[in-house]
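Structural features, examined
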Amino acid sequence: MSKSYHIVTYGCQMNVHESEKLAGILRANGYTEESGAPEEADIVVFNTCCIRENAENHAMGNIGALKKIKRARPDMLIAVGGCMMQQEGAAQRLRKKFPFVDIVFGTHNLDDFGALLTRKAAQKKAVVEVPAHEGSVCEEDFSFRTSYPNAWVNIMYGCNNFCSYCIVPYVRGRERSRDPEHILREVQGLLAKGYREITLLGQNVNSYAPADGTSFPQLLRRICEGQGKFRLRFMTSNPKDFGEELIAALADLPQVCNLVHLPVQAGSDRILKLMNRHYTAREYLEKVELLRKRVPGCEVSTDIMVGFPSETEEDFRRTLELVKAADFSSAFTFVYSRRSGTRAAEMEGQIPEEVQKERIMRLVELVNAQTREKSRKYLGKTVEILCEDHDEKRGLYLGRDEYGRMGYFKSTADPVGRFVKIKVEDASGISLYGSIVQESGENK
Ligand code: SAH
Ligand code: SF4
Ligand code: F3S
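My aim in this report is to walk through the structure given alongside it, one point at a time. (Residues numbered from 1 in each chain as written. Chains lettered and ligands numbered in written order. Predicted model: local features only at pLDDT ≥ 70, side-chain atom pairs only at ≥ 80, totals over all residues. Heavy atoms only, no water.)

What follows concerns the site of ligand 3. Taken together, Gly 11, Cys 12, Asn 15, Cys 49, Cys 50, Ile 51, Cys 83, Arg 172 and Gln 203 form the complete shell of residues around ligand 3. Among the residues making up the shell around ligand 3, the classes are represented as 5 nonpolar, 3 polar and 1 charged. (Near = heavy atom within 4 Å. Nonpolar A, V, L, I, M, F, W, Y, C, P; charged D, E, K, R; others polar.)

And the structure:
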């Protein structure tokens, strides 16, 4: 009889992609069916995140909620892995709180999940294995992909930057880059299967440094060489390493989307220094300006944090000023969360929650106003959408444009996986609504 699995994913795209790897491993180990609800699955896997406290709280709440179900169905397996479990002592703390968890693993042994499953099948007691150190880079693609026509491709693991607020370097280990030949083969294979949007993943793709010396911009060039129409995206690029060579590649390669995600974090130089970001607000804005000059029409999106230790009203105002000056197409905004083990956690002047809340509200208001303003400019324009899905309820197809805007439209044929041009008739919210003008000819 076929066995079913349910994976709950928290955190960034890296985790989303790693859950596809977990799904691939589960499928190779006899779990063939995806279960819509954890209550009905034969195994539930939690792929956790610890970037902010609320990500951890969410996961803990949902794991705890399975206690009753596990009591009723003791044969059901519960596995917890990912960044949260890779923190020192986290596995023990979890087992103490939730002794019913069967398998615990970290980020460094996600690829060995199949072996952990086999071990669990042979023993009654829980399998808890969180290696302290990173292993060798995994070159094989055993993902079970669920995001057609988009596909995630990992190009590097880990981070060496140690931004003072960030837990990632502690739970993802040092930087390791995949071999370009393997990346090329994976991308070519995906394009041959009909995927039309490839997103390259790494915590800081500019530090991509494989043994053969290929740079990140060179990798982009090699991926696009000889290829027809598809979209290439990457994330994340660290402003400190973002420069001329990458801008030139963006200008030269039509496949690379004209949207760069460049997290700025803050607008005050004093705070940026405390964050260990290695750039000033002015340097950041100069890079954005250069990018826009060399790549006309290029947009920038960002991440911004408020309430970092010792942030004053004046510091915060500089963030608002920078947001105005940079004219972001969109921004993810966060309240600083104290992460134990990081340098910022030990800093003086932790900001009270009320102040953090008040600042995030002001920031979100500004960002939303800017996004709405950008949306309005779409009205009457023709945009190219890569169709991703069909919304049954609304009877509309949907997909994104190059800049990541969601567009909705009607179609009699099924355009999923194809590029279509729509004329925008309503752009009052964040999404665009329009009618098909033309199906792009170069889909194959
Ligand atoms: N590697 C990426 C970021 C990964 S984390 C980069 O360097 O840009 C994604 C975002 O989460 C960060 O850009 C930051 O804005 C936010 N973040 C990271 N640590 C945080 C913390 N302790 N509290 C609040 N937000 C945080
Ligand atoms: Fe965290 Fe900084 Fe590394 Fe990004 S670059 S993952 S923010 S330490
Ligand atoms: Fe991503 Fe969260 Fe880990 S943001 S790298 S899943 S801590």
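Quick look at the site of ligand 1 now. The local shell around ligand 1 holds 15 residues, among which Gln 203, Pro 263, Gln 265, Asp 303 and Ser 337 are the closest. Contact distances for ligand 1 include 2.8 Å between a nitrogen atom and a backbone N or O atom of Gln 203. Between ligand 1 and Gln 265 there is a distance of 2.7 Å, counted from an oxygen atom to a side-chain nitrogen or oxygen. In isolation ligand 1 exposes 550 Å². Once the protein is present, 89% of that is buried. Tallied by class, residues from the shell around ligand 1 come to 7 nonpolar, 4 polar and 4 charged. (Polar contact = N/O pair within 3.5 Å; in protein donor to acceptor, adjacent residues only side chain to side chain. Areas by Shrake-Rupley, 256 points an atom, 1.4 Å probe, with all protein chains shown as cover.)

The full count for this structure, using the stated rule, is 1 cavity of 30 Å³ or more. Counted as a void, the largest cavity has a volume near 40 Å³. Of the residues assigned to the lining of the largest cavity, the class counts are 2 nonpolar, 2 polar and 5 charged. (1 Å grid on protein atoms, 1.4 Å probe; cavity = no way out; pocket = protein on both sides within 12 Å on 5 of 7 lines; lining within 4 Å. Points joined across faces, edges and corners; volume = space filled by probe spheres on them.)

What follows concerns unusual backbone geometry. The peptide bond linking Tyr 148 to Pro 149 adopts the cis configuration, its omega dihedral lying at 5°. Mapped onto the fold, Pro 149 is located in the loop between strand S6 (127-129) and strand S7 (150-154). In this structure, the amide linkage connecting Met 235 to the following residue, Thr 236, adopts the cis form with an omega of 5°. By the secondary structure assignment, Thr 236 is in the loop between strand S11 (231-235) and helix H10 (244-252). For Ser 310, which is not glycine, the phi torsion reads 75° and is therefore positive. Structurally, Ser 310 is set in the loop between strand S13 (299-306) and helix H13 (313-326). The partly exposed category is assigned to Ser 310, whose relative accessible area is 23%. For Asp 327, which is not glycine, the phi dihedral falls at a positive 55°. For Asp 327, the position within the fold is in the loop between H13 and strand S14 (330-335). Under the relative-accessibility criterion, Asp 327 is labelled partly exposed at 31%. (Helix = DSSP H or I, 4+ residues; strand = E, 2+ residues; numbered from the N terminus. Buried < 20%, exposed > 50% of the residue type's maximum accessible area, 1.4 Å probe, protein only.)

For the structure on display, the rule yields 0 disulfides. Free cysteine Cys 224: the closest other cysteine sulfur is in Cys 257, separated by 9.9 Å. Residue Cys 224 is classed as buried on the basis of its relative accessible area, which comes to 5%. (Disulfide = S-S within 2.5 Å.)

Our focus in this paragraph is the side chain of Gln 87. Here Gln 87 is to be found in the loop between helix H4 (83-86) and helix H5 (90-97). A residue is classified by how much of its surface remains accessible, and Gln 87, at 17% relative accessible area, is buried. There is a polar contact of 2.9 Å between the side chain of Gln 87 and the side chain of Glu 56. Setting aside anything within four residues of it in sequence, one finds Gln 87 in contact with Cys 50, Glu 56, Ile 167 and Val 171. (Contact = heavy atoms within 4.5 Å.)

Turning next to the nonpolar core. One broad rule of soluble globular proteins: the nonpolar side chains tend to lie buried together. Counting residues in hydrophobic clusters, the biggest one holds 67 residues, and the most contacted among them are Ile 198, Leu 200, Phe 216 and Phe 234. Residue contacts for Leu 200: discarding those within four places in its chain leaves Val 153, Ile 155, Val 205, Phe 216, Leu 220, Ile 223, Leu 232, Arg 233, Phe 234 and Met 235. (Core = buried A, V, L, I, M, F, W, Y, C linked by side-chain atoms within 4.5 Å.)

Let us now look at the packing of aromatic side chains. Counting across every chain of the model gives 11 aromatic pairs. Taken together, a centroid distance of 4.9 Å and an interplanar angle of 45° make the contact between Phe 105 and Phe 113 tilted. In this structure, Phe 105 and Phe 113 share a single accessibility class: buried. Plain terms: the ring middles of Phe 308 and Tyr 336 are 5.5 Å apart, the flat faces sit at 70° to each other, and that makes the pair edge-to-face. In this pair, Phe 308 is assigned in the loop between S13 and H13 and Tyr 336 in the loop between S14 and helix H14 (353-376), connecting sequence segments 28 residues apart. Neither residue differs from the other here; Phe 308 and Tyr 336 are each classed as buried. Clustering of aromatic rings is evident, with ring pairs tying together Tyr 165, Phe 308 and Tyr 336. (Phe/Tyr/Trp six-rings, centres within 6.5 Å; stacked < 30°, edge-to-face > 60°.)

Ordered in space as S12-S13-S14, the 3 strands form an open sheet in which the pairing is parallel. Strand pairing shows two members of the sheet lacking a second neighbour, strand S12 (259-261) and S14, which therefore form its edges. Averaged over all pairs of adjacent strands, the angle between their axes in this sheet comes to 15°, without regard to strand direction. The pairing of S13 with S14 spans 6 bridges and is parallel. Within the sheet, the bridge partner assigned to Ile 304 lies in S14 and is Thr 333. (Pairing = 2+ DSSP bridges. Axes fitted to C-alpha atoms, helices over the stretch in contact; angles between N-to-C directions.)

What follows deals with the pattern of salt bridges. By the definition in use, this model includes 30 salt bridges. Arg 145 is the salt-bridge partner of Glu 20, the closest N and O atoms lying 3.8 Å from each other. Here the residue Glu 20 occupies a position in helix H1 (residues 13-28), and Arg 145 occupies one in the loop between S6 and S7, the gap between them amounting to 125 residues. For Glu 20, a relative accessible area of 3% gives the class buried. Of the residues examined, Arg 145 reaches a relative accessible area of 12% and is grouped as buried. Of the charged contacts, one joins Glu 244 and Arg 294 as a salt bridge, the two residues approaching to 3.0 Å between their closest N and O atoms. Note that Glu 244 is positioned in helix H10 and Arg 294 in helix H12 (residues 281-294), a separation of 50 residues in sequence. Using a relative accessible area of 48% as the deciding quantity, one classes Glu 244 as partly exposed. Residues participating in the shared-partner salt-bridge network are Glu 20, Glu 139, Asp 141, Arg 145, Arg 178 and Glu 186. (Salt bridge = Lys/Arg side-chain N within 4 Å of Asp/Glu carboxyl O.)

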